[in-house]
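Next come the chains, spelled out residue by residue.
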Amino acid sequence: MQTKSICAGTRIETLKVLFLATGCNFRALAQHFMRGETTVGKIIAETTEAIWECLQPTYLPVPSLEVWKNIAARYDLLWQLPHCLGSIDGKHIRIKKFNNTGSRNFNYKGFFSIQLLACADADGCFITMDIGDLGRNSDGGVFRLSRLGRWLEIGGMNIPQSEPLPYDNEGPNFPYYFCGDEAFPLKSYLLRPYPKKTLNDQKRIFNYRLSRGRKSVECAFGMMVSKFRIFETPIACSESTVISIIKCACALHNYIRKTEGKLYESQNMNSQDEINIPQHLAQHQQAVHNLSTASSVREYLSNYFLRPEVSLPWQWKYAVEQNI
């Protein structure tokens, strides 16, 4: 029986209820719907691609300048991370080894996978994503070869121009940036934490403030996996179908998050805790006005987080006292 003769309702039920939601294999689906395994595979491939084409223009469009500024404002409101445009991270999607691929998709965690490199906004919705890189590659290598990485390197993607940070009108024009973990390179448009070997109190506070924004992409991955249990087991499909499944799941995640989900609410900043900056940190603040290098951009932001008007009442407690 050809796949076109099966009604659309059966296709959606096959995909959403049993395959994406539960990770049910093709053999079980074929027995449940009394269809051949090949037919079920074609239905899944066609339906995931159709859902992606339907949802992508609305729920995963290419961000405009106005959208980027709205994302940055939301990051500042929720996570007190000004000029942040998104958090970037990679996720290994478990797969059954593709035919004739050897060990190219075998990762350091000990299983076969392909990479999902995603950028998420402050509310845990995906902004951009690159899918299909080899599982053995690092996050930094995947980012360097990704479309997002190449566009950022040449100054594309409608990124806003540099301007002073909030409460810093007399300061230098500070670039808009993304945040990532230690696996990513340090760039003026991509900030990563300070290495653990060189940490002092000022750098610990910077790492804490950066981690508040960086966790949004990890939450996005977690929410997507909890909705679609297909990602809890190796996906036994062709490479093109696996990519279609991941694209479909990311688009559905954004659709659900924006139409039925509860967005994050800003934290009450009217804390009774007095903001006391330790004397050694207050004296350590240095004027950094030359932002020509990525290191100077990070250094300026770490100094900025020590100012009384932008310090969090609890940042000293969580970033420093717990590490003593």
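Provided above is the structure to which this section pertains.
What comes next is a walk through the structure. (Residues numbered from 1 in each chain as written. Predicted model: local features only at pLDDT ≥ 70, side-chain atom pairs only at ≥ 80, totals over all residues. Heavy atoms only, no water.)

Brief notes about the overall build of the protein chain
For the record, the criterion: Helix and strand definitions follow DSSP, with helices as H or I runs of at least four residues and strands as E runs of at least two, each counted in order from the N terminus. Remark: exposure states derive from per-residue accessible area (1.4 Å probe, protein chains only) relative to the maximum for the residue type, with buried under 20%, exposed over 50%, and partly exposed in between. By definition in these notes, contact holds between two residues if any of their heavy atoms fall within 4.5 Å. Accessible surface is estimated by sampling points in the Shrake-Rupley manner with a 1.4 Å probe; for residues, cover comes only from the protein chains shown.
From N to C terminus, the protein chain includes 11 helices and 5 strands. The burial tally for the protein chain puts 50% of its 324 residues in the buried class. When contacts within the protein chain are restricted to residue pairs at least 6 apart in sequence, those whose partners lie at least 24 apart make up 67%. Per element, the accessible surface of the protein chain, about 16200 Å² overall, is 50% carbon and sulfur.

Things to note about the pairing of strand β1 (residues 84–94)
Applicable threshold: Strands were regarded as paired on the criterion that DSSP finds at least two bridges between them.
Of all 11 residues that make up β1, 9 are buried, and the element is covered over most of its length. As judged from the 2 bridges shared by β1 and strand β4 (residues 177–179), these two strands associate in the parallel manner. Looking at the pairing, C84 lines up with Y177 of β4.

Digging into the packing of aromatic side chains
Put simply, the rule is: When two rings of Phe, Tyr or Trp (its six-membered ring) have centres within 6.5 Å they constitute a pair, described as stacked for plane angles under 30 degrees, edge-to-face for angles over 60, and tilted for the intermediate range.
Under the defined criterion, the tally for this structure stands at 10 aromatic pairs. With a centroid separation of 5.3 Å and an interplanar angle of 90°, the aromatic rings of Y59 and Y255 are classed as edge-to-face. With Y59 in helix α3 (residues 37–59) and Y255 in helix α8 (residues 239–259), this residue pair connects regions lying 196 residues apart in the sequence. Its relative accessible area of 17% is what places Y59 among the buried residues. Each ring, one from Y304 and one from F305, has its centre 6.1 Å from the other, and the planes form 55°; the classification is tilted. According to the relative accessible area criterion, F305 is buried, its value standing at 0%.

Examining the packing of helix α7 (residues 201–227) against α8
Basically, it comes down to this: For every element, the axis is a line fit to its C-alpha atoms; helices are fit only across the contacting stretch, and the angle between N-to-C directions ranges from 0 to 180 degrees. Small angles under 35 degrees read as roughly parallel and large ones over 145 as roughly antiparallel, with 65 to 115 read as roughly perpendicular and the rest as oblique. Each residue gets one label: Ala, Val, Leu, Ile, Met, Phe, Trp, Tyr, Cys and Pro are nonpolar, Asp, Glu, Lys and Arg are charged, and the others, such as Gly, are polar.
It is the contact of α7 with α8, at a shortest axis distance of 10 Å, that shows an interaxial angle of 100°. By the angle class used here, α7 and α8 are roughly perpendicular. For the pair formed by α7 and α8, the contact residues are A220, M223, M224 and K227 on the first element and A249, C250, H253, I256 and R257 on the second. A per-class count over the contact of α7 with α8 returns 6 nonpolar, 1 polar and 2 charged.

Considerations on the pattern of salt bridges
Put simply, the rule is: Whenever a carboxyl oxygen of Asp or Glu lies within 4 Å of a side-chain nitrogen of Lys or Arg, that contact is scored as a salt bridge.
The tally for this structure, following the rule as stated, stands at 8 salt bridges. Put simply, E49 and K247 hold a salt bridge, and the shortest N to O gap is 3.7 Å. With a gap of 198 residues between them, E49 in helix α3 and K247 in helix α8 connect regions that are remote in the sequence. When the shortest N-O distance is used, the salt bridge between D168 and R307 registers 2.9 Å. With a gap of 139 residues between them, D168 in the loop between α6 (147–153) and β4 and R307 in the loop between α10 (294–304) and α11 (315–319) connect regions that are remote in the sequence.

Description of the sheet that holds strand β3 (residues 126–134)
Within the open sheet, the 5 strands sit side by side as β3-β2-β1-β4-β5. Their pairing is mixed. Two strands lie at the open edges of the sheet, namely β3 and β5 (190–191), each paired on one side alone. Its contacts with the sheet put α7 on β1, β2 (113–120), β3, β4 and β5, and the angle it makes with β1 is roughly 40°.

Section: the side chain of D121
This is how the line gets drawn: Polar contact is the term for a pair of N or O atoms within 3.5 Å; when the atoms are in protein, one must be able to donate a hydrogen and the other to accept it, and sequence-neighboring residues count only if both atoms are side-chain atoms.
In this fold, D121 is placed in the loop between β2 and β3. Here G124 takes part through its backbone nitrogen, which lies 3.1 Å from a polar atom of the side chain of D121. Those residues within four positions of D121 in sequence are excluded, and the remaining contacts are I71, Y75, I127 and S216.

Considerations on unusual backbone geometry
Residues other than glycine seldom take positive phi values, yet Q80 does so here, at roughly 50°. With a relative accessible area of 9%, Q80 lands in the buried category. Positioned with a positive phi, H83 is a non-glycine residue whose angle comes to about 65°. For H83, the position within the fold is in the loop between α4 (65–79) and β1.

A look at α10
Burial within α10 is extensive, with 9 of its 11 residues counted as buried. Among the residues making up α10, those that are buried are A294, S296, V297, R298, Y300, L301, S302, N303 and Y304.

Comments concerning the environment of L152
With respect to the helices and strands, the residue L152 is situated in helix α6. Along the chain, L152 and Y177 lie 25 residues apart, while their C-alpha atoms are 9.8 Å from each other.

Section: the nonpolar core
This is how it is decided: Here the nonpolar core consists of buried residues drawn from Ala, Val, Leu, Ile, Met, Phe, Trp, Tyr and Cys, with membership extended through side-chain atoms lying within 4.5 Å.
With 46 residues, the main nonpolar core has I88, F143, F174, F178 and L301 as its most contacted residues. The dominant element in this core, judged by the number of residues it contributes, is α4, at 6 residues. Within the second largest apolar cluster, 35 residues are counted, among which are I51, L60, I93 and C248.

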